[in-house]
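# Summary of the model geometry
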Amino acid sequence: MAWVFSRSDSAPHLFGDKLEDFERDLRAVLQQTSPDNRFAERLPATEIMTWSKPHGER
């Protein structure tokens, strides 16, 4: 639930007075999908780039 609500396209304030309905329905779907409440997420590879100024520049 926290992951869903952390996304900008499903932030809690976007649901208005339907938030409780959405959360209830999503919890039901998740429970049906995985009764033991275990889920896995495959994260994409992370690419880290660093830059430095040429020697002598500040």
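These lines cover the structure that appears in this document, whether it is placed above or below. (Residues numbered from 1 in each chain as written. Predicted model: local features only at pLDDT ≥ 70, side-chain atom pairs only at ≥ 80, totals over all residues. Heavy atoms only, no water.)

## Details of the packing of aromatic side chains
In the structure shown here, the tally under the stated rule is 3 aromatic pairs. Ring geometry for phenylalanine 15 and phenylalanine 22: centres 4.2 Å apart, planes at 20°, overall stacked. Each residue in the set Phe5, Phe15 and Phe22 is aromatic and connected to the rest through ring pairs, giving one cluster. (Phe/Tyr/Trp six-rings, centres within 6.5 Å; stacked < 30°, edge-to-face > 60°.)

## What to know about the pattern of salt bridges
Inspection of the entire model under this criterion finds 4 salt bridges. Between arginine 27 and glutamate 23 there is a salt bridge, with the nearest N and O atoms lying 2.9 Å from each other. With arginine 27 and glutamate 23 both in helix H2 (residues 19-33) and 4 residues apart, the pair spans about one turn of that helix. For aspartate 25, the salt bridge identified is with arginine 24, shortest N-O distance 3.3 Å. (Salt bridge = Lys/Arg side-chain N within 4 Å of Asp/Glu carboxyl O. Helix = DSSP H or I, 4+ residues; strand = E, 2+ residues; numbered from the N terminus.)

## Brief notes about unusual backbone geometry
With a phi angle near 60°, asparagine 37 is a residue other than glycine that sits in the positive phi range. Mapped onto the fold, asparagine 37 is located in the segment after H2. Exposure remark for asparagine 37: the relative accessible area of 51% places this residue in the exposed category. (Buried < 20%, exposed > 50% of the residue type's maximum accessible area, 1.4 Å probe, protein only.)

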